[in-house]
Amino acid sequence: MAKLTSRYAVYISLAFILSYLESLIWLPIPIPGIKPGLANIVIVFVLYDTGRIRDVLAVSLVRIILSSLIFGNMVMMIYSLCGGMLSAFLMIAAKKMKRFGIIGVSIIGGISHNIGQLAVAAVTLLTYQLIYYMPVLIISGTVSGFLVGLFSGICVKRISGYNGGT
Amino acid sequence: MLRKNDIILAVSVILICIGMIVLYNIFGKEGEVVHIISDGYECGVLPLNENAVMRVPDSGRDYNIVVIKDGSVFVSEADCPDSLCVNQGKISRAGETIICLPHKLMVTISGSSLQEDIDGKTY
């Protein structure tokens, strides 16, 4: 039990720091919602390391809530929650379908993350016109999903299954 | 790590999106009317061909300054935390939008003076 707690702690703090790092160094692109999604490297890793649904959802949820509380605000939390949890669910489903490799799953995660956030914006502003942004967001989600999946795949190959030192 | 399905997925998604962007640019209608919508409530309807400046809201904090100039619209100034709206640049075609999420502001252009476009008529 202690081992599980400490694993969760490591995953959550890694994801948390990655999302903070991202907010520091990334040049803001004029379109809301475009970001590399570095924290997803951890999420995808957890998905392929333990593979348990509860691990993926727990790490995602806690990371989002923590970083929104500390570095953001309630509005950001709602956007992040919708995007992030949709992304987590779809990635879990994609992995279960056994048709995609880790990069494909991550691409699906990236795309759904952006679509989730766009959906919240559309509801907030009560409009369909935001559909204008969708192609750009989807392409950006694909690219960042690809990079996240690539990196995470390397980590999974090298670190996965590590159960703690002696 | 990378499977055939992944490549099919990525390539088809990107192609579809590029296609959508191309279609938007080819079939985009010239804008005529600028709508300024704050928090779901339309607070400004202005013609695109007349230069104008509008401060949303009229006074107080959380403002954006919307400028219509020479047939395009942009946000020249705002006090939101990220100023993404100012950096979004100019829009001039029907359907294009500039949004300021923190201020729940949306500036958009529609193609005709009617609130809803009539897609077709039968008699």
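Residues numbered from 1 in each chain as written. Chains lettered and ligands numbered in written order. Predicted model: local features only at pLDDT ≥ 70, side-chain atom pairs only at ≥ 80, totals over all residues. Heavy atoms only, no water.

Chemist: Quick rundown of a nonpolar patch on the surface? Include the residues and the values.
Modeler: Residue and element names in this part refer to chain A. A cluster of nonpolar residues, Tyr20, Leu21, Leu24, Ile25, Leu61, Val62, Ile65, Leu66, Leu69, Ile70 and Phe71, forms a patch on the protein surface that exposes about 930 Å² of accessible area. Counting residues per element, the ones that place at least two in the nonpolar patch are helix H1 (2-25) and helix H3 (53-71). The element contributing the most residues to the nonpolar patch is H3, with seven residues. For Tyr20, a relative accessible area of 33% corresponds to the partly exposed category. (Patch = residues over 30% accessible without salt bridge, like charges linked within 9 Å, V, L, I, M, F, W, Y side chains within 5 Å. Areas by Shrake-Rupley, 256 points an atom, 1.4 Å probe, with all protein chains shown as cover. Salt bridge = Lys/Arg side-chain N within 4 Å of Asp/Glu carboxyl O. Helix = DSSP H or I, 4+ residues; strand = E, 2+ residues; numbered from the N terminus. Buried < 20%, exposed > 50% of the residue type's maximum accessible area, 1.4 Å probe, protein only.)

Chemist: Could you give an account of the pairing of strand S1 (residues 33-38) of chain B, naming the residues involved and the relevant values?
Modeler: All names here are of chain B. Of all the six residues making up S1, five are buried; the element is thus mostly covered by neighbouring parts of the structure. Pairing analysis gives six bridges linking S1 to strand S2 (residues 41-47), with the strands arranged antiparallel. Within S2, the residue paired with Ile36 across the bridge is Gly44. Following S1, the chain reverses through two residues before pairing antiparallel with S2; Asp39 in that reversal takes a positive phi of roughly 60 degrees. Note: S1 against strand S7 (residues 105-110), six bridges, orientation antiparallel. Residue pairing across strands places Val33 opposite Ser110, the latter belonging to S7. (Pairing = 2+ DSSP bridges.)

Chemist: Any chance you could break down unusual backbone geometry for me, citing the residues and the numbers?
Modeler: All names here are of chain B. Even without being a glycine, Asp62 presents a positive backbone phi close to 55 degrees. Residue position: Asp62 is located in the loop between strand S3 (52-56) and strand S4 (64-69). The backbone phi angle of Asp70 is positive, close to 50 degrees, even though this residue is not glycine. Along the chain, the position of Asp70 falls in the loop between S4 and strand S5 (72-78).

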